[in-house]
Every structure is written in structure tokens, then in C-alpha cells.
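# Summary of the model geometry
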Amino acid sequence: MVTAYDYPSALHCDLAGIDVVLVGDSCGMVELGYENTQPVTMDEMLHHAKAVCRGAKHPLVVADLPFGAYEISPEQAQEAAYRFVKEAGADCVKMEGGRIRAKTAKKVVDGGVAVMGHIGLTPQHISVLGGFRAQGRTAKKARELLDDALALEDAGCFAIVIECVPPQVGKAITEALEIPTIGIGAGPGTTGQVLVYHDMLGMTTHPHYKAFTPKFCKKFADLGDSIREGLESFKHEVESGGFPSLDNHSPYKMTKSEEDLFMKMLETDADERRVIHDSKAKKLKETDEYDVLNLYGGGYVTPDKSQEE
């Protein structure tokens, strides 16, 4: 499983034969620039899920229920799940939490929408967990995670994500369940694995990556440097006049006769256009447009008349 947040990333996952695509609320961090996943709204998730569903024709598409969209009541969760299926075209939804979410998961499943569970580190609840912290590192906590997984299985979840736990815990939970598990920082003993698209491809660094560097994440490519180098090359060639070239990047041609006719047309009103151009330039210079609009200061500023006297 790999996260995808837009049409291009979904299309790449589809072409690569990825089995499951997760429209994760991590889009708030890697796509929208939020510090964590909590600010992500249902409308934002629907927007991204719609784009992903257009690109992912073969993978199973799982949509993350965002923070605040399912915790109030099972009915609220069911309504949000229906929106993902009906409006975005997602195949199923994912929700964070263990036993405390079992009743909610059952309600959604009974209503006809498949649910993927999520235990261990649950990023939406970092204010309760005290940040992005590994879970299940004591015997008691590990056993609680196992009980969470069993409760979600009993509630009808078809799979469970296990995040940031010791490998022994991920393996034990997987062996105790009849449904598949998908690990992220949970060792090699889970049924499957998931990584964030931007992290595994080395596309960017973001607040989550800096504050909680995912040591479990392997970079399978280093696209971030390639993207930066490409943008720098574009900037340089435009500034130096190297791009676009007449030979290779200007494919739309005029016949010689049409070019000659066009030049004659330009000559007929050249003096009039020059006068208009000079008039506009003089007006802009006199009003000092950049100071009046304060384009680099963030608001409209009334000119200081005292400086003109």
C-alpha cells in the first residue's frame, strides 16, 4: 500500500501495480503544509480522494476519515463514509483507534462501507499521545494493542494498519488475526507494508519529516534533488535566453508571405501604439504604482502627500 493524494501520484501507483492506494490525511502535511494531520477537513479529503480515484483504476482506494469527522458518533462516521464512496468513488475508509472505535467501525460496516482499522501510533491523536511516539513498547501496552486489533476484527474491519510498534508486536498481532495487517514502522512480520509517497520517493522534507524523522522509511528514489535541479535549470535557461529556442521549442510557424503581411500591419499603426505605450509608462511612473499598491508589503497604502509637496 502507498499513499496518493492527487491524479499523478495515483496514476504512478496504478502503473506500478500497487495493490492498495491510501488517500491519507497525511496530505495535510505533505501537500497542504500543515504541521500535523489535525487541521485536515472532510472537504479537503474529498477533493484529494476524487483526484486519486480518477487516476487509480486498478488498486483498491482507501480514504482516511479525517480528525473530527467520525469521533462524535457512529452516525457521523457513517455519513462521512458514505460521502467518500458516493462523492469521491473510494472503495472503503480507514479510521484511527482501537477498542474505542469498534462500535463506530461496526456501524459503518453494517451500513455497507468496508473499514480498515488503524492502531499503534495514531497521528490524529498526537495531543493525547504527547507527539509522534512509538507505541506498544511495554508488555502491557503491547497486549492492549492486540486487544484493540481483535476488537476491530470482531467489528468487521477487513484489514488493520499497525504503525510504529516493535517488530515483535507487529508480528504477534498479525499472527493473532484472520484479517491482513499493513505495517508502517512495525517490522517485517505484518502482511503488507505502507509508506508515504513523498517519503519513499525522497520528494521533499516537511514539518512531520523534520520533527519525527521516520527511521523506518527507506527512500527508493531521490526525486527531491532531481526536481530542484530541474527547476533551477529552467530558471537559468529562461534568464539566459537559452529556453525556448527557435529551433527546438518554437514549433508553430508562419509562412513567409503571412509574416511579411503581419509586419506591414504592424507598421501601419506603429507610431500610434508607441504614443499609447509611452503614455501608459509615464502614468505608471508618476503614480509610482508599486508604492501605492505596496505589492511586497501585503496591503494597500495611501500615498504620502506630504512627500509630494
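Our subject in this report is the structure included herewith. (Residues numbered from 1 in each chain as written. Predicted model: local features only at pLDDT ≥ 70, side-chain atom pairs only at ≥ 80, totals over all residues. Heavy atoms only, no water.)

## Focus: the overall build of the protein chain
- Within the protein chain one finds 14 helices and eight strands.
- By residue count, 41% of the 309 residues in the protein chain fall in the buried class.
- Restricting the contact set of the protein chain to residue pairs at least 6 apart, pairs at least 24 apart contribute 55%.
- Split by element, the accessible area of the protein chain, about 18,100 Å² in all, is 56% carbon and sulfur. (Helix = DSSP H or I, 4+ residues; strand = E, 2+ residues; numbered from the N terminus. Buried < 20%, exposed > 50% of the residue type's maximum accessible area, 1.4 Å probe, protein only. Contact = heavy atoms within 4.5 Å. Areas by Shrake-Rupley, 256 points an atom, 1.4 Å probe, with all protein chains shown as cover.)

## Comments concerning the pairing of strand S6 (residues 159-163)
- Here S6 lies mainly inside the structure; five of its five residues are buried.
- Alternating residues of S6 divide into Ala159, Val161 and Glu163 and Ile160 and Ile162, and every residue in both groups is buried.
- Across five bridges, the pairing between strand S5 (residues 114-120) and S6 is parallel. Among the inter-strand pairings, His118 is bridged to a residue of S6, identified as Val161. (Pairing = 2+ DSSP bridges.)

## Points about the pairing of strand S2 (residues 20-23)
- Of the two faces of S2, both are covered, the one formed by Val20 and Leu22 as well as the one formed by Val21 and Val23.
- Here strand S1 (residues 2-3) runs beside S2; their pairing, made up of two bridges, is parallel. Looking across to S2, one finds that Thr3 is bridged to Leu22.
- Traced from S1 through helix H1 (residues 7-15) to S2, the parallel crossover comes out right-handed. (Right-handed = clockwise from strand over helix to strand, strands pointing away.)

## Here we look at unusual backbone geometry
- Between Phe243 and the following residue, Pro244, the backbone shows a cis peptide bond with an omega angle of 0°.
- Position of Pro244 relative to the elements: it lies in the loop between helix H11 (223-240) and helix H12 (256-268).
- The backbone phi angle of Cys164 is positive, close to 55°, even though this residue is not glycine.
- Along the polypeptide, Cys164 turns up in the loop between S6 and helix H8 (167-176).

## Comments concerning the side chain of Lys94
- Assignment of secondary structure puts Lys94 in strand S4 (residues 92-94).
- Polar contacts involving the side chain of Lys94 include one to the side chain of Asp64, which spans 2.8 Å.
- Among the polar contacts listed, one links the side chain of Lys94 to the side chain of His118, at a separation of 2.7 Å.
- For Lys94, the residues in contact, after removing those within four places along its chain, are Leu22, Val62, Ala63, Asp64, Leu65, Met116, Gly117, His118 and Val161. (Polar contact = N/O pair within 3.5 Å; in protein donor to acceptor, adjacent residues only side chain to side chain.)

## What to know about the sheet that holds S2
- Spatially, the eight strands line up as an open sheet ordered S1-S2-S3-S4-S5-S6-S7-S8, and their pairing is parallel. At either margin of the open sheet sits one strand with a lone partner, and together these are S1 and strand S8 (192-193).
- Across two bridges, strand S7 (residues 181-184) lies against S8 in parallel orientation. What sits directly across from Ile182, in S8, is Gly192.

## Describing the state of the cysteines
- Across all of its chains, the model carries zero disulfides by this definition.
- With no disulfide of its own, Cys92 lies closest to Cys53 among cysteine sulfurs, the gap being 9.9 Å.
- Accessibility expressed as a relative area gives 1% for Cys92, which makes it buried. (Disulfide = S-S within 2.5 Å.)

Structural measurements only, silent on function.
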